[in-house]
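# Structural overview for review
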Amino acid sequence: MKKSIFLLGFMGSGKTSLGKELAHYLNYPFYDLDSEIENATGLKVKEIFHSEGEEAFRMYEAEQLRKFNSTKEPFVLACGGGTPCFHHNMDWMNQNGWTLFLDVPERILAQRLEGQQEERPLLAGLKGISSSKTWRHLLEKRRPIYLQAASRLASEDINLNEVIHMLNS
Ligand code: S3P
């Protein structure tokens, strides 16, 4: 049976770019959960965090996620970095498709996140060591939840071939 795919991982782990390639390869539609939230609310993720706060954002996120249930035609969904960690979303995804954790080394995440703080509401206003301390702490808290995914790909450069290999094995 064809299963939908939920891509999980920390900010900067490449969920959206890999998700697009994977969806194209499988001929599935691709969705990005942050974009779904933005379309539904008419607000940018950044604006939601700023004007309504994280709790409201997590409500929208859980609500939009639940539209991607197993009755929908198979799809690839790139989740937000925090999606698995709230409102029992991890269990829900495991029940509604195949969950894949993109486990990118911290060294690579550090390169990707540096200088991007202003685009990332949870790191906004932080620089250098304080930014790095904040995201590393968050990652440490989230990792056990990410590890509840059905599968995990750990490498410096997670690419489509690796995912295809995993799907076929
Ligand atoms: C978040 C990650 C973001 C976005 C929001 C919160 C998080 O998505 O959902 O800013 O909690 O890690 P990306 O992982 O696509 O950057």
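Look up: the structure comes first, before these words.
First, a word on what this report is: a plain description of the structure on this page. (Residues numbered from 1 in each chain as written. Predicted model: local features only at pLDDT ≥ 70, side-chain atom pairs only at ≥ 80, totals over all residues. Heavy atoms only, no water.)

This part is about the site of the ligand. Not every one of the 14 residues close to the ligand is listed here, only the nearest: Lys 15, Asp 34, Arg 58, Arg 120 and Arg 142. Contact between the ligand and Asp 34: an oxygen atom at 2.7 Å from a side-chain N or O atom of the residue. Out of a free accessible area of 380 Å², the ligand has 90% covered by protein chains. When each cavity is represented as a set of grid points, the ligand is found to reside in the largest pocket. Looking at the shell around the ligand, the elements that each hand over two or more residues are α3 (45-51) and α4 (54-65). Looking at the shell around the ligand, its residues break down into 6 nonpolar, 3 polar and 5 charged. (Near = heavy atom within 4 Å. Polar contact = N/O pair within 3.5 Å; in protein donor to acceptor, adjacent residues only side chain to side chain. Areas by Shrake-Rupley, 256 points an atom, 1.4 Å probe, with all protein chains shown as cover. 1 Å grid on protein atoms, 1.4 Å probe; cavity = no way out; pocket = protein on both sides within 12 Å on 5 of 7 lines; lining within 4 Å. Sits in = over half its atoms within 2 Å of the grid points. Helix = DSSP H or I, 4+ residues; strand = E, 2+ residues; numbered from the N terminus. Nonpolar A, V, L, I, M, F, W, Y, C, P; charged D, E, K, R; others polar.)

Bringing the nonpolar core into the picture now. One broad rule of soluble globular proteins: the nonpolar side chains tend to lie buried together. Phe 6, Phe 10, Leu 77 and Met 93 are the most contacted members of the largest nonpolar core, which totals 44 residues. Excluding residues within four positions of it along the chain, Met 93 makes contact with Phe 6, Leu 8, Leu 65, Cys 79, Thr 83, Pro 84 and Thr 99. (Core = buried A, V, L, I, M, F, W, Y, C linked by side-chain atoms within 4.5 Å. Buried < 20%, exposed > 50% of the residue type's maximum accessible area, 1.4 Å probe, protein only. Contact = heavy atoms within 4.5 Å.)

What follows is about the environment of Gly 115. When you line up the elements, Gly 115 lands in the loop between α6 (106-113) and α7 (128-146). Judged by its relative accessible area of 60%, Gly 115 is exposed. In this structure, the C-alpha to C-alpha distance between Gly 115 and Gly 128, residues 13 residues apart in sequence, is 8.9 Å.

Our focus in this paragraph is the side chain of Ser 155. Note that Ser 155 resides in the loop between β5 (151-154) and α8 (160-168). Separated by 3.3 Å, the side chain of Ser 155 and the backbone nitrogen of Asp 157 make a polar contact. A polar side-chain atom of Ser 155 sits 3.4 Å from a polar atom in the side chain of Glu 162. When neighbours within four sequence positions are excluded, Ser 155 is seen to be in contact with Asp 103, Val 104, Pro 105 and Glu 162.

So, about the pattern of salt bridges. Using the criterion set out here, one finds 7 salt bridges in the structure. The residue Glu 54 makes a salt bridge to Arg 58 at a minimum N-O spacing of 2.9 Å. Of this pair, Glu 54 and Arg 58 are both found in helix α4, 4 residues apart, which corresponds to roughly one turn of the helix. When its relative accessible area of 30% is taken as the criterion, Glu 54 is described as partly exposed. Taking the relative accessible area as the measure of exposure, Arg 58 reaches 4% and is therefore buried. Residue Glu 156 is joined to Arg 107 by a salt bridge in which the shortest nitrogen-to-oxygen separation is 2.4 Å. Highlighted residues: Glu 156 in the loop between β5 and α8 and Arg 107 in helix α6, separated in sequence by 49 residues. Among the residues examined, Glu 156 registers a relative accessible area of 45% and is labelled partly exposed. By relative accessible area, Arg 107 is classed as partly exposed at 46%. Connected via shared salt-bridge partners are Glu 54, Arg 58 and Glu 61. (Salt bridge = Lys/Arg side-chain N within 4 Å of Asp/Glu carboxyl O.)

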